[in-house]
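# Structural description and commentary
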Amino acid sequence: MFNKLTLTLLVSALFATPTFAASDNHKIEEIVEMLEANPEVVDGLHESLAMYIKQQQQFNQLLSSSKTYLNDPRHTYMGAENGEITLYNVTDFSCPFCKKLDAELAKLVADYPQVKVVNLYVPLKEGSSSVNSAAYALNVWNNQRDKFEQVNQLLIAKPGTHNAASLMKIAQKTGTTKQLNVSDSVEKQLENNYAMFTGLGLRGTPALIVGEQVIPGYVPYQQLEQVLKEQL
């Protein structure tokens, strides 16, 4: 049987941070009271929270060890080149919610010029096609930077999934057909993006990495702005 002191120590250890706000202490007291009233859930809760903390530590370690890669200039970005705050946008040109989020992010960097949004392309929707929108966009970014914004807007504007025909149409319109050939370096970059995607436990796009948290799915502008203000 767990007494109140044991329960308090258990919960405090699981939620340990350097300092607690008064509201945090109040929540912990409430949790202790609930556990004291329902001692049969303590073992299961302890196991679940311990697993969560371990996963969070692994997540933070991956972000820390990937800092250099995340800030590689080969990734496309919008906003400030050397932003005060950087958001990482895990995205796919063939994902409708990614296209919708892109418009919100464009508005965000326009309203907050100190913000940088780095794109991590994970072309989940296009499968194992030898030509995909992500590789094409990265080739344009690295080799014909002056054409990137036009290509990017056309890739976002098309509803639904891209294919070889839609990419050729955009490439011909923008004079970037030679960028349809996937280079080894870009292919490796996309492999690394996917490895990071799975390592972070993500299952779909879009997703935003902000500080040490991941926000999955589409986020409306008001929520984006609130998250940014918390970071600032």
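Structure first, text after, so check above.
Residues numbered from 1 in each chain as written. Predicted model: local features only at pLDDT ≥ 70, side-chain atom pairs only at ≥ 80, totals over all residues. Heavy atoms only, no water.

## Let's talk about helix 10 (residues 221-231)
Turning to helix 10, its buried residues are Y221, L224, V227 and L228. The arc that holds the buried residues of helix 10, viewed along the axis, is 125°, so those residues lie on one side. Turned more than 90 degrees from where helix 10 packs its buried face, Q222 and E230 sit exposed. Residues of helix 10 that are buried sit in contact with strand 2 (85-91), helix 5 (96-111), strand 3 (115-121), strand 4 (207-210) and strand 5 (213-216). (Buried < 20%, exposed > 50% of the residue type's maximum accessible area, 1.4 Å probe, protein only. Helix = DSSP H or I, 4+ residues; strand = E, 2+ residues; numbered from the N terminus. Arc of directions from axis to C-beta. Contact = heavy atoms within 4.5 Å.)

## A word on the environment of T205
Tracing the backbone shows T205 in the loop between helix 9 (184-199) and strand 4. Through-space distance from the C-alpha of T205 to that of K125 is 9.7 Å; in sequence the pair is 80 residues apart.

## Details of the nonpolar core
Among the nonpolar cores identified, the biggest contains 19 residues, and Y121, Y136, L155 and L190 are the most heavily contacted of them. Only helix 6 (133-143), helix 7 (145-157), helix 8 (164-174) and helix 9 provide two or more residues apiece to this core. When residues in this core are grouped by element, the largest group, seven residues, is from helix 6. If sequence neighbours within four positions are ignored, L155 has contacts with F93, K99, S133, Y136, A137, H162, L167 and I170. (Core = buried A, V, L, I, M, F, W, Y, C linked by side-chain atoms within 4.5 Å.)

## Some details on the pairing of strand 4
Alternating residues of strand 4 divide into A207 and I209 and L208 and V210, and every residue in both groups is buried. Note: strand 4 against strand 5, four bridges, orientation antiparallel. Each bridged residue has a counterpart across the sheet, and for L208 the counterpart in strand 5 is I215. In sequence, strand 4 turns back onto strand 5 through a hairpin of two residues, with G211 there showing a positive phi of about 65°. (Pairing = 2+ DSSP bridges.)

## Looking at the pattern of salt bridges
Taken as a whole and judged by the stated rule, the model has one salt bridge. Its salt-bridge partner being R74, residue D72 comes within 3.0 Å of it at the nearest N-O pair. Judged by relative accessible area, which is 33%, R74 ranks as partly exposed. (Salt bridge = Lys/Arg side-chain N within 4 Å of Asp/Glu carboxyl O.)

## Topic: the packing of helix 7 against helix 8
Helix 8 packs onto helix 7 with a crossing angle of 145° between their chain directions and a minimal axis gap of 10 Å. With respect to the hand of their crossing, helix 7 and helix 8 are arranged in right-handed fashion. Counted together, K147, Q150, V151, L154 and L155 of helix 7 and L167, I170, K173 and T174 of helix 8 form the full contact between these two elements. (Axes fitted to C-alpha atoms, helices over the stretch in contact; angles between N-to-C directions. Left-handed = near helix turned anticlockwise from the far one by under 90°.)

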